[in-house]
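Observations on chain architecture
Residue-level listing of the chains:
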Amino acid sequence: MSQEPQTEEVRSCFLSNKQFEKLFEILYGLDYEVIGPIIDQGAITYDRLTSVNDLPRGWTDVQEPGKYRLQERDDDALFGYVVGPHSWKKHLFPPVSTLSVADRTEEGWQFSEVEEDRPKLAFLGVRACELAALKIQDRVFLGGAYVDPIYQGRRAETLIIAVNCTQAAATCFCTSMNTGPRCQSGFDLALTELTDGFVVEVATPAGETVIQALKTQELSDEQLTQASAARQQAVDQIERELDTTDIHDLLMSNLESSHWDDVAERCLSCTNCTMVCPTCFCSSVEEVSDLTGDHVERQRMWDSCFNMNFSYMNGGLVRNNIRNRYRQWLTHKLATWIDQFGTSGCVGCGRCISWCPVGIDLTQEVAAIRKDGET
Amino acid sequence: MNSCSATTGGDGNSANNPWLPQSAVIRSISAEVRDVATYQLALTDPAAAAAYRFQPGQFNMLYVPGAGESAISMSGNPETHDSLLHTIRFAGNVTRSIAGMKVGDTLGLRGPFGTSWPLESCVGQDVILVAGGIGLPPLRPVIYRLLAERQRYGRLHLLYGARSPEMRLYTEEYEQWSEGGLDVRQTVDRSSPGWHGNLGVVPLLLERLPAFDPARTVLMICGPDLMMRFTARAALQMGMTAEQIWVSTERNMQCAVGLCGHCQLGPEFICKDGPVFRYDRISPYMKVEGL
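This is a predicted model, so every value here is computed, not measured. (Residues numbered from 1 in each chain as written. Chains lettered and ligands numbered in written order. Predicted model: local features only at pLDDT ≥ 70, side-chain atom pairs only at ≥ 80, totals over all residues. Heavy atoms only, no water.)

Our next topic: the sheet that holds strand β5 (residues 84-89) of chain B. Note on sheets: strands pair through backbone hydrogen bonds, and any given pair is parallel or antiparallel. All names here are of chain B. Read from one edge to the other, the open sheet built from 6 strands follows the order β4-β3-β6-β1-β2-β5, with strand pairing classed as antiparallel. For this open sheet the edge positions go to β4 (68-73) and β5, each flanked by a neighbour on one side alone. Across the sheet, the mean angle from the axis of one strand to that of its neighbour is 40°, orientation sign disregarded. The pairing of strand β1 (residues 22-33) with strand β2 (residues 36-43) spans 8 bridges and is classified as antiparallel. Across the sheet, Val25 pairs through a bridge with Ala42, a residue of β2. (Pairing = 2+ DSSP bridges. Helix = DSSP H or I, 4+ residues; strand = E, 2+ residues; numbered from the N terminus. Axes fitted to C-alpha atoms, helices over the stretch in contact; angles between N-to-C directions.)

Listed below in structure tokens is the structure:
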């Protein structure tokens, strides 16, 4: 993905650092709530931003299997990190949401929806792999016969300001999944950070509205060259690979591989990989009632196929050991997701590798199964 | 890809929000056998009640606030439009709560969900329904429809296995079904005084079926996984193909619309790609332990 295949309709311009600071006022003026990177508890997470000063200026992240550390940079880059434990899904598919409300009346139970106050969201700093994840979740929650109204309501007016990666983490493998590091589509604006400002690509009318409120300059050849070199740096840094050749059939024809037992010896079934994954969508529904029992809410909470009770049925567990649960996760993510949604469930962001407490690396697990299959 | 995909609710209330239950009132309760009863429900919104339609094999999510939801197949006549029958075994938290309810009480209902039995492909064919225990209720709407359109089909058989004679469902209807042209054959795991019928597992009934023509038969099976697999195996050994066999599967379901992930079996969401599957599509995954 080292080419620069932008379509001609996408207009590009230059936005100085000074003007970038004003972006926040513009977005607030357009009634957007701005969500973007902040430093929280030793990691870069996505939360509400009030100004440019909330961004992790001069910080980067160092990632390896089972490891994530923040480190100071020797410059003032605002987006000089890769991806942290959060993904945008928590803002579109919240970890807890109320699905319906039941009230006991004289005529029996009455059921109603919750009227949510839904702010217009502007996501700032969305990476190419995350654009791919958003597309995947759009397909899951909006693309079938049944649409999830909570996701739909939040997604409808989301403004996406993407940022091209100019560096990669050791855990990144977006090039294997064809999802990055270059932002290709699915954004309103895409930025490439240079030292004195940003190269901006304007892809939609919503993006145009925002950018017209700012003073931009025509791009110089030098800025174009710098942006291209910065993006190429990320491409060059990606070393991790996942060979996706026939991956569906490879995994589905190895459901009884002894390799699953090997993973089970290391996997803690802690659910971290699923919690940090930008596409995992499993959830459970719980009843939450008041003390009288006359007002009951149904709440949906993130869940994970690694949780023991997730496959509970008829008094027993279908996937009653870690071997079966890891197999479910990996085969779903990389194989059966394709049957269900026509796309892989993995975008190569590497979060599951960094945030696995024992450093299990799905790219290595797939390689091991591939090797077993060949012998 | 999915020739019998789910139809949407078809009601004004939940068509846009699959999570929102409708209110349904219990009109009558008929005890069936131990720990099993049939509930006649009616949607309280008259317009929604009039618009509600389901296909044999589909299910509703029945909701008791505070206890939760349970997926229950429709067990009544699909041509009866003013009420819905659900035959429920009191086995878990939700169904035990339903067991404590009385006529006039309300509960929540979402649906209909899921795929249906392939009745269109049965035209001109012999049809064998195989049910085990509480697997008969999801097949009863098929029986009503087959008998309502009797002339469209060839020979019709119901092979029903129950744990004991006392655990057989809908016994008062067998005579009527037989008179309508359905050959009803039964077997039990354990006999009891007065039982002179078959003893043993359901596949035996299939093997003993006279004048069985595997080439022109559609087989529909509903029961425990193991029973379905052994019945299908017997049918395959007798010359049927996996394309002629249909099964109704079960998993934990929470959303019923493919959004929560609980009911996955291999590539399938049982709630929306099933519960009714053609056997060649689902059997590779039914055979893998812990999938």
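Counting residues at the interface gives 42 residues for chain B, matched by 43 residues for chain A. Taken together, the two surfaces of chain B and chain A that pack against each other cover about 3600 Å², and 58% of this comes from carbon and sulfur. Considering only the surface of chain B that becomes buried against chain A, B:Trp19, B:Leu259 and B:His262 emerge as the three largest contributors, covering 18% of it. Along the contact surface separating chain B from chain A lie 19 residue pairs in polar contact (both at pLDDT 80 or more). Mapped onto the side of chain B that touches chain A, the elements with two or more residues apiece are β1, β3 (59-64), β4, β6 (106-113) and β14 (268-269) of chain B. No other element matches β6(B), which puts 5 residues into the side of chain B that touches chain A. Taken together, the residues of the side of chain B that touches chain A sort by class into 20 nonpolar, 17 polar and 5 charged. (Contact = heavy atoms within 4.5 Å. Buried area = accessible area lost by both parts, 1.4 Å probe. Polar contact = N/O pair within 3.5 Å; in protein donor to acceptor, adjacent residues only side chain to side chain. Nonpolar A, V, L, I, M, F, W, Y, C, P; charged D, E, K, R; others polar.)

Attention now goes to the UniProt feature "domain: FAD-binding FR-type" (unreviewed entry) in chain B. UniProt's entry tags residues 16-119 of chain B with the feature "domain: FAD-binding FR-type" (unreviewed entry), counted in the numbering of this structure. Spanning residues 16-119 of chain B, this segment combines 12% helix with 44% strand, and its end C-alpha atoms are found 28 Å apart. (UniProt positions renumbered as here; feature names shortened; annotations may be inferred.)

This next bit is on the domain arrangement of chain B. Residues and elements named next belong to chain B. Domain annotation of chain B identifies domain 1 (22-112) and domain 2 (120-286). On the domain 2 side, the residues contacting the 24 residues of domain 1 number 20 residues. At the boundary of domain 1 with domain 2, total buried surface from both sides reaches about 1800 Å², with 60% on carbon and sulfur atoms. Per-residue buried area on domain 1 facing domain 2 is highest for Val33, Pro56 and Phe59; these three make up 25% of the total on that side. At the boundary of domain 1 and domain 2, one finds 1 salt bridge. If you look at where domain 1 meets domain 2, you find 6 residue pairs in polar contact (both at pLDDT 80 or more). Counting residues per element, the ones that place at least two in the side of domain 1 that touches domain 2 are β1, β2, β3, β4 and β5. Along the lines of polarity and charge, the residues of the side of domain 1 that touches domain 2 split into 10 nonpolar, 8 polar and 6 charged. (Domains from an automatic or database assignment. Salt bridge = Lys/Arg side-chain N within 4 Å of Asp/Glu carboxyl O.)

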